[in-house]
Amino acid sequence: MKTVLNFAVAAVALPTILLSATTVASAQMPMPDACKWEMSAGGDMKTPEMPMGQMAEHQKAMMEGMQQMHPAMMHGMMAKDPDVSFVCGMIAHHMGAISMSEVELKYGDDQQAKAMADKIIDAQKKEIEEMTTWVNEHAK
């Protein structure tokens with residue numbers, strides 16, 4: 001039941017989170033059209049109508065990683081100090097990138113995409129170590 005509830009919460013919150021992320025990111029760098037969800041005429045995102053049971057294994061694995069990353073990121077960003085909030089949120093965000101990259105390595109076929117995943121894992125792990133050290137030194 002807890003998994004179903006977590007999925008239901010994520011299904012409701014994820015479109016809002018993704019829309020916000022796309023909007024913020026698009027102010028700096030546009031998302032490729034192939035990465036965007038279809039928008040309705042009213043500007044609302046059309047949520048995919050695919051129950052978890054009908055998803056491919058890689059989609060399920062990505063969703064599981066996102067369900068773990070988003071609450072951790074939101075929790076980390078609740079620190080009262082803005083610097084600590086940022087760094088704690090980014091640690092969880094980087095963990096999500098590692099999780100997504102691991103899914104690519106397990107299920108992906110394209111060697112260039114797999115090489116990107118390996119590069120992301122290496123870079124994100126190093127940055128998580130740096131950020132964790134910073135938090136341990138600066139968090140009050």
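Residues numbered from 1 in each chain as written. Predicted model: local features only at pLDDT ≥ 70, side-chain atom pairs only at ≥ 80, totals over all residues. Heavy atoms only, no water.

Further remarks concern the nonpolar core. Inside soluble globular proteins, nonpolar side chains tend to come together where they are buried. Of all hydrophobic cores here, the largest spans 7 residues; its members are Val87, Ile91, Ile98, Ile121, Ile128, Met131 and Val135. Counting only elements with at least two residues in this core, the list comes to helix 3 (82-107) and helix 4 (111-138). Ranked by the residues each element gives to this core, the list is headed by helix 4, at 4 residues. (Core = buried A, V, L, I, M, F, W, Y, C linked by side-chain atoms within 4.5 Å. Buried < 20%, exposed > 50% of the residue type's maximum accessible area, 1.4 Å probe, protein only. Helix = DSSP H or I, 4+ residues; strand = E, 2+ residues; numbered from the N terminus.)

Moving on, we get to the environment of Gln68. Counting through the fold element by element, Gln68 comes out in helix 2 (residues 57-76). A relative accessible area of 62% means that Gln68 is categorised as exposed. Expressed as a C-alpha distance, the spacing of Gln68 and Ala92, which sit 24 residues apart in the sequence, is 9.0 Å.

Before going further, it helps to spend a moment on the confidence of the model for the protein. For the protein, the average pLDDT comes to 78, and 70% of its residues sit at 70 or higher. Here helix 1 (residues 2-28) stands out as the element of the protein with the lowest mean pLDDT, 44, in contrast to helix 4, whose mean of 97 is the highest. Low confidence marks residues 1-23, where pLDDT is under 50. Its contacts with residues over four positions away, or in another chain, come to 19 contacts. Contacts for the low-pLDDT stretch residues 43-47, under 50 throughout, to residues beyond four places or in other chains number 14 contacts. (pLDDT = per-residue confidence, 0-100. Contact = heavy atoms within 4.5 Å.)

Attention shifts here to the side chain of Gln124. As for its position among the elements, Gln124 is in helix 4. Excluding residues within four positions of it along the chain, Gln124 makes contact with His94, Ala97 and Ile98.

A few words on the pattern of salt bridges. Summed over all chains, the structure comprises 2 salt bridges. Residue Lys60 pairs with Glu57 through a salt bridge whose shortest N-O separation is 3.4 Å. Pair noted here: Lys60 and Glu57 are both in helix 2, with a separation of 3 residues, about one helical turn. Owing to a relative accessible area of 46%, Glu57 belongs among the partly exposed residues under this scheme. Among the salt bridges present, the one from Lys126 reaches Glu130, with a minimum N-O distance of 3.4 Å. On the criterion of helical spacing, the pair formed by Lys126 and Glu130 is a turn pair, its members being 4 residues apart in helix 4. Take Glu130: its relative accessible area is 45%, and that puts it in the partly exposed class. (Salt bridge = Lys/Arg side-chain N within 4 Å of Asp/Glu carboxyl O.)

Viewed as axis vectors pointing N to C, helix 2 and helix 3 meet at an angle of 170°, and their least axial separation amounts to 8 Å. The angle between helix 2 and helix 3 places the two elements in the roughly antiparallel class. Here Glu57, His58, Ala61, Met62, Gly65, Met66, Met69, Ala72, Met73 and Gly76 of helix 2 come into contact with helix 3, specifically with Val84, Ser85, Cys88, Gly89, Ala92, His93, Gly96, Ser99, Met100, Val103 and Tyr107. The residue makeup of the contact of helix 2 with helix 3, split by class, is 12 nonpolar, 8 polar and 1 charged. (Axes fitted to C-alpha atoms, helices over the stretch in contact; angles between N-to-C directions. Parallel < 35°, antiparallel > 145°, perpendicular 65-115°, else oblique. Nonpolar A, V, L, I, M, F, W, Y, C, P; charged D, E, K, R; others polar.)

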